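Chain by chain, the residues:
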Amino acid sequence: NETFVYWFLTLPLSNLLTLMGYNVSIQDNMLFYEDLTTHTMGGVWIAKECSGAYSVAIFMSAFLSFILTESKTSGWLSVLLALLGISISYFSNLFRMAIIVLVAHYYGFELAYWTHKNIGWILFLLWNIIFWQFTFSLLKHNKPLPEVP
């Protein structure tokens, strides 16, 4: 779990924040950032619970339910849409973690804690609305495959 968290969450988050021009460093799964409110280095522990696995599970449950009950799409299109949804979920989760660190950087730990508790469901709703709008639009123009007798 620690190795997975490091390679798929901590390191990509550190790289993203560095690309954005922020001074961060990592040690194991601890990400250190500059706290402008205290003029010290703050740190956040990236845990396996930060993986967004629950978001992926909720998304996949909804997606599979839709595909199995409502959609007449071809298998390849369903697979592509599922992969797109999982990819968006992953990058949305990285974006969520970056927002939390940036709030801690600019506004301190207390507001970062509030952000940590709330930004996840807000981003989850936003990307799901966009994903489902795209999916419904795409499927409206996609003719179903003929039924096999």
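Because the structure is predicted, anything quoted here is derived from the model rather than measured.

**Q** Describe in detail the nonpolar core, supporting the description with residues and values.
**A** L13, L17, L31, I46, M97 and V101 are the most contacted members of the largest nonpolar core, which totals 23 residues. When contributions to this core are tallied by element, the ones reaching two or more residues are α1 (2–19), β2 (30–35), α3 (75–107) and α4 (109–141). Ranked by residues supplied to this core, first place goes to α3 with nine residues. Discounting chain neighbours no more than four positions away, the residues touching L31 are T10, L13, S14, L17, V24, S25, I26, G42, G43, V44 and V101. By size, the runner-up hydrophobic cluster in this structure holds 13 residues, among which are F59, F66, L81 and A82.

**Q** Run through the side chain of S89, naming residues and quoting values.
**A** Locating S89 in the fold gives a position in helix α3. Overall, S89 belongs to the buried group, its relative accessible area being 5%. Among all residues touching S89, those that are not within four sequence positions of it are G52, S55, V56 and W127.

**Q** Any chance you could break down the pairing of strand β1 (residues 24–27) for me, citing the residues and the numbers?
**A** When β1 meets β2, the two strands line up antiparallel, connected through four bridges. Looking across to β2, one finds that V24 is bridged to Y33. Between β1 and β2, which pair antiparallel and follow one another directly, the connecting turn spans two residues, one of which, D28, has a positive phi of 55 degrees.

**Q** An account of α1 is needed here, citing residue identities and associated values.
**A** Between its first and last C-alpha atoms α1 spans 24 Å; for 18 residues at 1.5 Å apiece the expected length is 26 Å, and the two agree. Along α1, the helix axis deviates most sharply at T10, where the bend reaches about 30 degrees; the proline P12 sits within four residues downstream. Those residues of α1 that fall on the buried side of the exposure criterion are V5, L9, T10, P12, L13, S14 and L17.

**Q** Hey, could you go over the sheet that holds β1 for me, with residue numbers and the actual values?
**A** Strand pairing in a sheet relies on backbone hydrogen bonds, with the paired strands running either antiparallel or parallel. In space, the three strands of this open sheet follow the order β1-β2-β3, with antiparallel pairing throughout. Each end of this open sheet is capped by a strand with a single partner; those strands are β1 and β3 (40–45). The mean angle between the axes of side-by-side strands here comes to 30 degrees, regardless of whether they run parallel or antiparallel. Two elements, β2 and β3, share six bridges in a ladder whose sense is antiparallel. Across the sheet, the residue bridging to F32 is G43, located in β3. Sheet strands touched by α3: β2 and β3. Its angle to β2, the strand with the most contacts, is close to 35 degrees.

**Q** Would you mind going over the environment of I100 in detail, with residue names and values included?
**A** Structurally, I100 can be placed in helix α3. For I100, the residues in contact, after removing those within four places along its chain, are A112, T115, H116 and I119.

**Q** Outline the packing of aromatic side chains, listing residues and values.
**A** Taken as a whole, this structure holds 17 aromatic pairs when the rule is applied. Geometrically, the ring pair formed by Y90 and F91 is edge-to-face, given 5.1 Å between the ring centres and 75 degrees between the ring planes. Taking the relative accessible area as the measure of exposure, Y90 reaches 26% and is therefore partly exposed. Relative accessible area serves as the criterion here: at 54%, F91 is assigned to the exposed category. With a centroid separation of 6.4 Å and 75 degrees between ring planes, the pair formed by W127 and F131 is classed as edge-to-face. One end of the pair, W127, and the other, F131, are both in helix α4, four residues apart, so they sit about a helical turn from each other. On the basis of relative accessible area, W127 is assigned to the buried category, the value being 8%. Taken together, the aromatic side chains of F59, F63, F66, F124, W127, F131, W132 and F136 make up a single cluster linked through ring pairs.

Scoring rules and cut-offs
Residues numbered from 1 in each chain as written. Predicted model: local features only at pLDDT ≥ 70, side-chain atom pairs only at ≥ 80, totals over all residues. Heavy atoms only, no water. Core = buried A, V, L, I, M, F, W, Y, C linked by side-chain atoms within 4.5 Å. Buried < 20%, exposed > 50% of the residue type's maximum accessible area, 1.4 Å probe, protein only. Helix = DSSP H or I, 4+ residues; strand = E, 2+ residues; numbered from the N terminus. Contact = heavy atoms within 4.5 Å. Pairing = 2+ DSSP bridges. Expected span 1.5 Å × (residues − 1). Bend = angle between axes of the 7 residues up to and from the residue. Axes fitted to C-alpha atoms, helices over the stretch in contact; angles between N-to-C directions. Phe/Tyr/Trp six-rings, centres within 6.5 Å; stacked < 30°, edge-to-face > 60°.

Honestly, it's all geometry; don't read function into it.
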